[in-house]
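# Per-entry structural report
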Amino acid sequence: MTSSRIPAMDVLRGCAVMGILWMNITAFALPQNAYFNPAVSGWRGAGDIAFWAISLLLVDGKMRGLFALLFGASMLLLIDREEMAGRDGRRTQMVRSGWLFLLGCAHFFLLWWGDILRVYGLVSLFALLFAGQEPLDLVKRAFLCFLLQFLLVATFIASLYLWSHAAAAPGAGAGMREGFVSFMAALSDPASPATQAEIATYRTGFGAILQMKLAAFPGEWLWGFLFTAFETLGFMLLGMAMLKGGFLTGGWDAEQYRRTARHCFLIGLPPMIALALWVGLSGFAPLTTYGVALAWSLPFRIPLTVGWAALILWLLARHRGSPWIDRIAAAGRMTLSNYLGTSLIMTALFYGWGAGLFAHVRPALLPLFILPVWGIMLLWSKPYANRFAMGPAEWLWRSLSAGKPQKIRKSV
């Protein structure tokens with residue numbers, strides 16, 4: 001999301017914006033809690049479970065982490081570029097973060113509840129405080145952020161276990177029992193009143209969906225922010241360190257990237273497989289499934305995110321010049337446009353104001369919607385990038401940040 005073009009980072013962005021659709025489509029097509037627990041979708045066939053397992057093991061949190069890595073690195077590139085031009089780079093970044101937050105608010109209310117731009121807009125202001133630090137210091141602070149995130153979500157999950165024991169105790173009141181049963185049902189039962197009400201709303205028109213979002217805001221979003229903020233900040237700081245160390249620019253040799261990817265996947269994948277088996281053997285018990293999605297998988301998302309970055313850069317080093325690489329890089333140059341465009345396409349397909357497919361498509365069939373949109377990204381981005389310097393959403397963001405329209409066409 002910056003005009004400082006580094007081909008390796010464009011490829012990483014392109015892979016990330018394509019990969020994140022794999023995870024996000026569950027939140028577009030199904031009730032919100034189905035993002036964490038496949039039982040909420042109402043389908044438990046082999047294909048449905050396979051889609052959930054692939055998502056949990058390889059995608060969930062990893063593509064979001066990759067985005068945050070790149071965002072943190074892009075902040076440094078922007079600051080350097082502005083300061084070389086004699087401007088205040090940090091102030092420019094603050095202005096851009098403010099506009100990104102407002103664009104995220106528009107995205108949230110007008111299109112999709114899962115917007116991440118508001119989190120980036122706010123968290124990047126804190127990341128600015130560390131931009132001048134050395135790589136090792138950035139890594140230390142990144143892992144402190146990861147620890148804080150883990151402690152926060154683990155405490156929340158522990159509180160749910162305590163609530164379950166208190167509700168089951170002989171002296172527990174009827175209200176406590178009913179509240180716990182209702183909460184657990186929303187996390188696992190597709191027939192729960194909360195889930196059915198959500199399905200009914202998203203199958204109606206734009207006005208009803210907007211009204212539901214307004215009623216839940218800001219409380220629901222605040223909880224979502226708390227459950228992602230420290231992790232996002234950690235990845236941004238890690239991205240700054242990886243840029244300064246030459247990792248994200250493609251400056252390492254192919255063998256270094258290969259070894260890094262191998263080590264990261266060996267560290268992160270086996271425990272993730274164990275967690276997935278635990279969830280499956282529990283019958284997708286709500287506390288187990290929710291705990292794995294929010295807390296227990298977090299330590300392993302970190303090496304897997306770095307592993308994905310290393311794997312992509314290794315493939316780039318081996319296949320540089322490939323037409324596919326060029327197309328993926330072009331999609332990466334249009335990250336914001338592709339991200340927002342995906343939300344427009346998916347909500348038009350699944351929400352009631354569009355085709356109304358919400359909660360009608362089982363998880364096993366969701367890849368049939370993912371692949372065509374990947375094709376659209378790859379088809380439109382390259383010819384557009386050949387003629388224009390930035391995507392339409394990037395142009396809007398930069399024009400708002402600069403206070404005047406920016407040049408969008410490339411010079412001949």
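Residues numbered from 1 in each chain as written. Predicted model: local features only at pLDDT ≥ 70, side-chain atom pairs only at ≥ 80, totals over all residues. Heavy atoms only, no water.

## A look at the overall build of the chain
A tally of helices and strands in the chain yields 18 helices and 0 strands. Relative to a compact globule of 412 residues, whose C-alpha radius of gyration would be 22 Å, the chain shows 21 Å and is just as compact. Each principal axis of the C-alpha distribution contributes one length, and for the chain these read about 70 × 45 × 40 Å. When each of the 412 residues of the chain is scored for burial, the buried share is 53%. Residue pairs in contact within the chain that sit at least 24 positions apart in sequence constitute 78% of those at least 6 positions apart. Summed over its atoms, the accessible surface of the chain is roughly 17,400 Å², and 70% of this surface lies on carbon and sulfur atoms. A distance of 6 Å separates the average location of the 33 positive side-chain charges in the chain from that of its 19 negative side-chain charges. (Helix = DSSP H or I, 4+ residues; strand = E, 2+ residues; numbered from the N terminus. Rg over C-alpha atoms; globule rule 2.2 N^0.38 Å. Buried < 20%, exposed > 50% of the residue type's maximum accessible area, 1.4 Å probe, protein only. Contact = heavy atoms within 4.5 Å. Areas by Shrake-Rupley, 256 points an atom, 1.4 Å probe, with all protein chains shown as cover. Lys, Arg positive; Asp, Glu negative; His and termini not counted. Charge placed at Lys NZ, Arg CZ, Asp CG, Glu CD.)

## A word on the side chain of Lys-213
Along the polypeptide, Lys-213 turns up in helix α9 (residues 206–216). One buried charged residue, Lys-213, forms no salt bridge at all, with the nearest opposite charge on Glu-220 at 9.3 Å. Excluding its chain neighbours within four sequence positions, the residues that come into contact with Lys-213 are Phe-108, Phe-109, Leu-111, Trp-112, Trp-113 and Tyr-202. (Salt bridge = Lys/Arg side-chain N within 4 Å of Asp/Glu carboxyl O.)

## Describing the side chain of Ser-381
Examined against the element boundaries, Ser-381 turns out to sit in helix α17 (residues 367–387). Separated by 3.4 Å, the side chains of Ser-381 and Asn-338 make a polar contact. Other than its neighbours up to four places away in sequence, Ser-381 contacts Ala-330, Ala-331, Met-334 and Asn-338. (Polar contact = N/O pair within 3.5 Å; in protein donor to acceptor, adjacent residues only side chain to side chain.)

## A word on a nonpolar patch on the surface
Where nonpolar side chains cluster on the molecular surface, the patch consists of Leu-144, Leu-147, Leu-148, Leu-151, Leu-152, Leu-222, Trp-223, Leu-226 and Phe-230 and spans about 790 Å² of accessible area. For the nonpolar patch, the elements supplying multiple residues, two or more each, are α6 (135–168) and α10 (219–226). The dominant element in the nonpolar patch, judged by the number of residues it contributes, is α6, at 5 residues. By secondary structure assignment, the location of Leu-147 is in helix α6. (Patch = residues over 30% accessible without salt bridge, like charges linked within 9 Å, V, L, I, M, F, W, Y side chains within 5 Å.)

Taken by themselves, the reported measurements are silent on function.
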